[in-house]
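Descriptive structure summary
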Amino acid sequence: MKKILVLEDEANIRSFIVINLRRSGYEPIEAETGMMALEKVRVNPDICLALLDVMLPDIDGVEVCRRIRASGSKMGIIMLTAKSQEMDKVTGLMNGADDYVTKPFSPSELTARIDALARRLDVSEDIQAASELSSGPFLLNTRNRTLEKDGERLKLTQIEYLLMKLFMENPGKAMSREDILTAVWGNEFSGELKTVDVNIRRLRIKIETDPTEPEYLTTVWGYGYKWGY
Ligand code: CA
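This write-up is about the structure you can find in this document. (Residues numbered from 1 in each chain as written. Predicted model: local features only at pLDDT ≥ 70, side-chain atom pairs only at ≥ 80, totals over all residues. Heavy atoms only, no water.)

Observations regarding the overall build of the chain
A count of helices and strands for the chain gives eight helices and twelve strands. Relative to its length of 229 residues, the chain is compact, with a C-alpha radius of gyration of 17 Å against a globular reference of 17 Å. Across its three principal axes, the chain shows a C-alpha extent of roughly 50 × 35 × 30 Å. Contacts spanning at least 24 positions in sequence make up 59% of the contacts within the chain whose residues lie at least 6 apart. Here the chain displays about 10,700 Å² of accessible surface, and carbon together with sulfur accounts for 51% of that area. Each charge class in the chain can be summarised by its mean position, and for the 31 positive and 36 negative side chains these summaries are 2 Å apart. (Helix = DSSP H or I, 4+ residues; strand = E, 2+ residues; numbered from the N terminus. Rg over C-alpha atoms; globule rule 2.2 N^0.38 Å. Contact = heavy atoms within 4.5 Å. Areas by Shrake-Rupley, 256 points an atom, 1.4 Å probe, with all protein chains shown as cover. Lys, Arg positive; Asp, Glu negative; His and termini not counted. Charge placed at Lys NZ, Arg CZ, Asp CG, Glu CD.)

Given below as structure tokens:
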């Protein structure tokens, strides 16, 4: 059973999420504070996905997300944000979150997003024959899901890996933000296009020499993005 960390300080929201996760076949691990969440991550290295509330009494959810990523974890991370906190979404995504769900959400909305992300992160792809994709200085290994630039390993989240794979498989092809959202996050829900933009921005910081003048992952104005190498 897949373990999911639920970081939420409000007991009623937390139990609502926990009940729904159990019903969907997941094993919820509860945390009330940011520090407690980091401790649960430490003792449960098999947590596959985390739901992180942003507003917490101690360290906020964005900081928890940043620390989880800093530890090298590739678990899926979904931020739980309030409608008014537009900035939190961007900050959360820039710090390594894969997606976010806006409160208040319905049980079906939340589980659809979790299922979609969990499926994307699933390692079932690993049983396929090993293969390598190369493009310019980049080498993508689809067996161990790693990316190297000039022989040096870059630390990517699973979503960043999936973005790189999509682009490297489609060199020179302009791809719309809608197509990217569907290919990487799944078509089970209609996510927000901003999620694509923020993840691309984050990916550029890792792969481009100058992220403000992207050389590889270029913008197709008014449409989407292109692997330009
Ligand atoms: Ca809260």
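From this point, the discussion proceeds with the structure in view.
A closer look at the sheet that holds strand β3 (residues 47-53)
Within the open sheet, the five strands sit side by side as β2-β1-β3-β4-β5. Their pairing is parallel. If you trace the sheet from one side to the other, it starts and ends with β2 (27-31) and β5 (99-103), each paired once. Strand after strand, the sheet turns through a mean of 20 degrees between neighbouring axes, direction not considered. When β3 meets strand β4 (residues 76-82), the two strands line up parallel, connected through five bridges. (Pairing = 2+ DSSP bridges. Axes fitted to C-alpha atoms, helices over the stretch in contact; angles between N-to-C directions.)

Points about the sheet that holds strand β9 (residues 152-154)
Strand order in the open sheet formed by four strands is β6-β7-β8-β9, with antiparallel pairing between adjacent strands. Edge positions in the sheet fall to β6 (132-135) and β9, since each has one partner strand and no second. Neighbouring strand axes in the sheet, compared pairwise and without regard to direction, differ in orientation by 25 degrees on average. The pairing of strand β7 (residues 138-141) with strand β8 (residues 146-149) spans four bridges and is antiparallel.

Quick look at the coordination of the calcium ion
The calcium ion binds to the protein through Asp 9 (OD), Asp 53 (OD) and Met 55 (O); the donor distances cover 2.2 to 2.3 Å. Donor residues binding the calcium ion come from one chain and are separated in sequence as D-x43-D-x1-M. Of the two residues, Asp 9 is situated in the loop between β1 (3-7) and α1 (11-23) and Asp 53 in strand β3; the sequence distance between them amounts to 44 residues. (Donors = N, O, S within 2.8 Å, 3.2 Å for Na, K, Ca; no water.)

Some remarks on helix α5 (residues 107-121)
Under the 1.5 Å per step criterion, the end-to-end length of α5 is 21 Å for 15 residues, consistent within 8% with the ideal 21 Å. When we look at burial in α5, the residues that qualify are Leu 110, Thr 111, Arg 113, Ile 114, Ala 116, Leu 117, Ala 118, Arg 120 and Leu 121. (Expected span 1.5 Å × (residues − 1). Buried < 20%, exposed > 50% of the residue type's maximum accessible area, 1.4 Å probe, protein only.)

So, the packing of aromatic side chains
For any pair of aromatic rings, the description rests on two quantities: the centre-to-centre distance and the angle between the ring planes. For the structure on display, the rule yields four aromatic pairs. Between Phe 138 and Trp 227 the ring centres are 5.4 Å apart and the planes differ by 65 degrees, which places this aromatic pair in the edge-to-face class. Separated by 89 residues along the polypeptide, Phe 138 in strand β7 and Trp 227 in strand β12 (residues 224-227) bring together distant segments of the chain. A relative accessible area of 1% means that Phe 138 is categorised as buried. For Trp 227, a relative accessible area of 0% gives the class buried. In this structure an aromatic cluster arises from ring pairing among Phe 138, Tyr 216 and Trp 227. (Phe/Tyr/Trp six-rings, centres within 6.5 Å; stacked < 30°, edge-to-face > 60°.)

A look at the pairing of β3
Of all seven residues that make up β3, six are buried, and the element is covered over most of its length. With five bridges connecting them, β1 and β3 associate as parallel partners. Counted as the bridge partner of Lys 3 is Ile 47 from β3. In this region the chain leaves β3, passes through helix α3 (residues 61-70) and returns to the parallel neighbour β4; the handedness of that crossover is right-handed. (Right-handed = clockwise from strand over helix to strand, strands pointing away.)

Observations regarding the pattern of salt bridges
Tallied over the entire structure, the rule returns 14 salt bridges. One salt bridge in this structure joins Asp 98 and Arg 69, with 3.2 Å as the shortest N-O distance. Of the two residues, Asp 98 sits in the loop between α4 (86-94) and β5 while Arg 69 sits in helix α3, which places them 29 residues apart along the sequence. Among the residues examined, Asp 98 registers a relative accessible area of 0% and is labelled buried. Between Arg 113 and Glu 109 there is a salt bridge, with the nearest N and O atoms lying 3.8 Å from each other. Of this pair, Arg 113 and Glu 109 both sit in helix α5, separated by four residues, roughly a single helical turn. Via salt bridges that share partners, Glu 8, Asp 53 and Lys 103 belong to a single interconnected network. (Salt bridge = Lys/Arg side-chain N within 4 Å of Asp/Glu carboxyl O.)

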